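# A look at the structure
Spelled out from the first residue to the last, the chains are:
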Amino acid sequence: LKIEDTQPETHAFPWFGMDIGGTLVKLVYFEPVDITAEEEQEEVENLKSIRRYLTSNVAYGKTGVRDVHLELRNLTMCGRTGNLHFIRFPTQAMPRFIQMGRDKNFSSLHTTLCATGGGAYKFENDFRTMADLELLKLDELDCLIRGLLYIDRVGFNGHPECYYFQNPSDPNSCVKKPCNLDNHFPMLLVNIGSGVSILAVYSENNYKRVTGTSLGGGTFLGLCCLLTGCETFEEALEMASKGDSTNVDKLVKDIYGGDYERFGLQGSAVASSFGHMMCKEKRDSISKEDLARATLITITNNIGSIARMCAVNEKIERVVFVGNFLRINTVSTKLLAYAMDFWSKGQLRALFLEHEGYFGAVGALMELLKTSEDL
Amino acid sequence: MAECGRVDSNTSSHTMDKSITLPPDEIFRNMENAKRFAIDIGGSLTKLAYYSTVQHKVAKVRSFDHSTKEAAGDKLYEIAVQEEVTARLHFIKFENAYIETCLDFIKDHLVNTETKVIKATGGGAHKFKELIERKLGLKVDKEDEMTCLIKGCNFVLKNIPHEAFVYAKHADSEFRFQTTNPDIFPYLLVNIGSGVSIVKVESEDKFERIGGSSIGGGTFWGLGALLTKTKRFDELLQLASKGQHSSVDMLVKDIYGGSYACLGLTGDLIASSFGKSATADKEFSDEDMAKSLLHMISNDIGQLACLYAKLHNLSRVYFGGFFIRGHPVTMHTITYSINFFTKGEVQALFLRHEGYLGAIGAFLKGAEEDNPNQYSWGENYAGSSGLMSVSPDMNPMQRARSGTFDMLEMDRLDRQLVNLPLLQDPSSYIPDTVDLTEDAQAREYWLSCFEEALDGVVKRAVASQPDIPEAAERAEKFRQKYLHKLQTLRHQPFAYGSLTVRSLLDTREHCLNEFNFPDPYSKIKERENDIALKYYEKAVKSLEELSWEDRQFALVRGVLAGNVFDWGAKAVSDLFSLKVIFMFCFSSDRPWLVDSFDQWLERLKGPPHRCALFFVDNSGVDIILGVMPFVRELLSRGTEVVLASNSGPALNDVTNSELQILTERIAAMDPVIDSALREDRLTLVQNGSSSPCLDLSRLDKVLAMLVRERQTDLVIIEGMGRAIHTNYYAMLSCESLKMAVIKNSWLADRLGGKLFSVVFKYEVPAGAGKPH
């Protein structure tokens, strides 16, 4: 890490980075483990209490979760050693979170709360009026790229942060393989949150947003909730893992009896997502699991298709998929890997990162450290 | 008309009530001569195509032999009404529920059964194969759906003016028709059926499916049926048009509290479709969910289409398939999406006859031996029902059309039609001066004007066939038909493309032909021609007595004066005094409303033109005493002249065959004309049209060839129909002269003049070098 040469005193704890998205709030918290006895004595009580609360729990309230498996241990940031914790909770819980900031008297701490994502703008006034906190608002795409490059650099506790799928077109021999993102640029960065943003990244500071689509993680969950009555992302994915989308989707072979050779379309390709659902008998014969699966496949294939077209138009071969839609979602990661490989005839490679949705928050934290330096 | 119950297209049951009766007068016309069939069976609609011949009456003129001239009395030439057989393509669209009834009807009426196979395409073709083979005794020959679609698309783009349009929901006219670009390739066709196919078409035979998506019409329908209580496609669309998507979708402002300004994303942009529906404690209305679904799918298709258009560098993108099929709701959302994703660089184009493409293509596949592509075809306004769609809210009547039969008829034209080579920019040429689809005030005037004139037209039609007792009955049928067309156009001005004075005139001609009134003016034309001929020599003589400069002016006045004596504009009896003709006092003296006579005169002092192409107008005084002396002067100057007249009759316009006879008669009196004819310096050609107006992008190929060969450097267009209603703004690459007298007070007012105002527009294209 290169940001460590300044004086540690300038960065008052606690160190937080926050990314307030449409569905989820992502929070990274740096827990210093090199606190001297002297420091500990000077530490105010509410700072200790925050640290204890965050590090001794893995769940906060009804909906907050710490992704323990993602924790980066013994990380050195700005000359301090510590653990980086990854916490998420639904954006709906923002009012309660702000309330907590007031209760813990966060404003008395000598820190800046760096926040990115749309919520940094939306909740700015609430933070100010309810908790007397001034947010440092940061652009979400800047943060995303900075955080991503940082985590990739420091690695995942000695392992690479990045992975891909070997033999993506063969379900039997398809395996996840770690890799290094050594030649980062150019890359097409596909961030799948509630919606999807697609960026062409040429260097840390040179990127453009190519396009985006409103068919993202929020669409998957929203449709699943309406179609199956499920309530959470986990539930939806669990159902999807058990379903069969071919009961719901109309395949090429359902129309042509086999492959559509004139156009080189395989019989197993989906011709019409939810196409069977035009017909009452079929509607009556499918399960909720089938519907969840079809929703997942539809959304994933569509993102893959748009990403692939963008990659071709931008002449970029590496496509990096991030965002919380991919959390615990091997169906989608494998499908994306397959789609990139198959439709580009091996020209494109899909890459994934272990800390899927947290890069924006990490980028925000880094901005905090940079800001302190400037002071 | 049979009362037709709606059938859920979803159940696709083809066992239907046998008591459904068809209105045979209206549909399956000319079935007895039908010889080649194709059928396109889709998810809910069947499209049948057949080729047939139509026998109808045409008026032919023939010169009498000199030996028998005495016997013919004082008749100038012989007018004979003959039967002529022409080829016509019929396309009929009906709900799948009618298939069996329709097949029975076809079988009963099919006289000429040399046909052995029927070409079939569409998803439903295999399902009805057995039924068709059993009912018709024809072998069903399946054709690839996409190939048919593309073939059909090429055919309509080439042959139907105003086929493609841009849809603009909130504009004054929802439909903005595109000018026919002679070069239709390359283009992108996005076919939105249950899934989406994106096809790049590079030439008549070369096309490639470059991509597609599984999120299409089937996704809208399927998900819509799951999410709402509505199970039918059309009703889902209606539901969607009433909903508010912002209660279901997560918008940028829901995340940001406002816009995401630095990326230029507005607050109302959808960030996540259905993003709000993950909150389980909320109920969403069917309308809102349907709307959100519609936006999601339309945006997605639009985005993919743009990505493919960009990758292949294509700017013309046509959308078709059952998701579009004239539904204003989907045309609007797709248009919106395309505008958003390309920032206006690409326009979403739709087709008037989109629903027929598969059937047309399948038919063409089967008719390859007849080489239909080597002919030009024209939409027959009398037999086609036109585009029906309007916003469902605007016209509740529209839904009632479901259960009726839509028709498209195309006539094979005798002549192959091409662009006038002298058009400055063929791709931007618009024949018509006023688009009545966009100009509501003008539309109202002209529709009423044509309605008021109808009685006169009917009377004239009856009078033209005094010896035929049932003429009155036919004329009445004509009246009903044309009146109905006018009413349709009042409600749906865009039904046949851009509504123009030309299309109103052409529709009337088509309807007259439909009821066997091929040339109601034939006898009047003959009488006028005969009388005018008697004055020709005198007219020429008096012109020759004038000084050169006076003569040039008199010649122009002669053309204009001749043009005033349009039938209906003045009583015939007023006509025949030379004084009246040549000293005709226009209600406005020079300067005329548009007056570039001085420039013209100046030009005449220079070297002669190589060759002048003259589009003539009326018969009688106009052609004989106005145009001919003018032509004679051009010839005397050393300019070759090509006289272009109508191939078929329209009002009192002189036809090519009439003009042949007249010119011979004039040549007999006038050595100048005679030698010019013999030396090929004066040539008569037909323009390929039977319209009182003139479309310079659809002219006889022979004419175009001649224009090129002769190195034509002057185009003269005469008369209100050809120089005012059409071509007033036409830009030519050579010198042009547009001459007309405005014989309609409304139009005169519009152009800022009075009744009988004169337009004399002489134009030299910018950048054209001085002629030498």
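This text follows the structure it describes.
The structure presented is a predicted model; accordingly, all values stated were derived computationally and were not measured.

Thresholds, definitions, all that
- Residues numbered from 1 in each chain as written.
- Chains lettered and ligands numbered in written order.
- Predicted model: local features only at pLDDT ≥ 70, side-chain atom pairs only at ≥ 80, totals over all residues.
- Heavy atoms only, no water.
- Helix = DSSP H or I, 4+ residues; strand = E, 2+ residues; numbered from the N terminus.
- Rg over C-alpha atoms; globule rule 2.2 N^0.38 Å.
- Buried < 20%, exposed > 50% of the residue type's maximum accessible area, 1.4 Å probe, protein only.
- Pairing = 2+ DSSP bridges.
- Contact = heavy atoms within 4.5 Å.
- Axes fitted to C-alpha atoms, helices over the stretch in contact; angles between N-to-C directions.
- Buried area = accessible area lost by both parts, 1.4 Å probe.
- Salt bridge = Lys/Arg side-chain N within 4 Å of Asp/Glu carboxyl O.
- Nonpolar A, V, L, I, M, F, W, Y, C, P; charged D, E, K, R; others polar.

## A few points about the overall build of chain A
Tallying secondary structure elements over chain A gives 13 helices and 17 strands in all. For 375 residues, the compact-globule estimate of 2.2 N^0.38 gives 21 Å, and chain A sits close to it at 22 Å. In terms of principal-axis extent, the alpha carbons of chain A reach across some 75 × 45 × 35 Å. A total of 375 residues make up chain A; the buried ones form 58% of that total.

## Overview of the pairing of strand S13 (residues 316–320) of chain B
Both faces of the sheet carry side chains from a regular strand, because those side chains alternate between them. Residues and elements named next belong to chain B. Of all the five residues making up S13, four are buried; the element is thus mostly covered by neighbouring parts of the structure. Taken together, the four bridges between strand S8 (residues 187–192) and S13 define a ladder with parallel strand orientation. Pairing of Leu-188 across the sheet is with Val-317, part of S13. Pairing between S13 and strand S14 (residues 347–351): four bridges, direction parallel. Note that in S14 the partner of Phe-319 across the bridge is Phe-350.

## Observations concerning the sheet that holds strand S18 (residues 594–595) of chain B
All names here are of chain B. Pairing in this open sheet of seven strands is mixed, and the strands run S18-S25-S24-S23-S19-S20-S21 from one edge to the other. Looking at strand neighbours, the two that pair on one side only are S18 and strand S21 (682–686), the edges of this open sheet. The strands touched by helix H16 (residues 597–604) are S18, strand S23 (714–718), strand S24 (735–742) and strand S25 (757–763); relative to S25, the strand with the most contacts, the crossing angle is about 45 degrees.

## Comments concerning the interface of chain B and chain A
The partner chain A presents 57 residues to the 51 residues of chain B that form the contact. Between chain B and chain A, roughly 4300 Å² of surface is buried when both sides are summed, and carbon and sulfur atoms account for 62% of that area. Here chain B is connected to chain A by one salt bridge. Among the salt bridges present, the one from Glu-314 of chain A reaches Lys-310 of chain B, with a minimum N-O distance of 3.8 Å. Partitioning the side of chain B that touches chain A into residue classes produces 28 nonpolar, 16 polar and seven charged.

## Some words on unusual backbone geometry
For the bond from Phe-13 of chain A to Pro-14 of chain A, the omega torsion is 5 degrees, close enough to zero to count as cis. Mapped onto the elements, Pro-14 of chain A comes out in the segment before strand S1 (15–20). The amide bond that connects Phe-185 of chain B to the next residue, Pro-186 of chain B, takes the cis arrangement and shows omega of -10 degrees. With respect to the element layout, Pro-186 of chain B can be found in the loop between strand S7 (175–177) and S8. You will see that Cys-78 of chain A, though not glycine, has its phi angle at about 50 degrees, which is positive. Here Cys-78 of chain A is to be found in the loop between strand S5 (72–77) and strand S6 (80–90). Residue Gln-711 of chain B is not a glycine yet carries a positive backbone phi of 55 degrees. Mapped onto the elements of the fold, Gln-711 of chain B is located in the loop between helix H20 (701–709) and S23.

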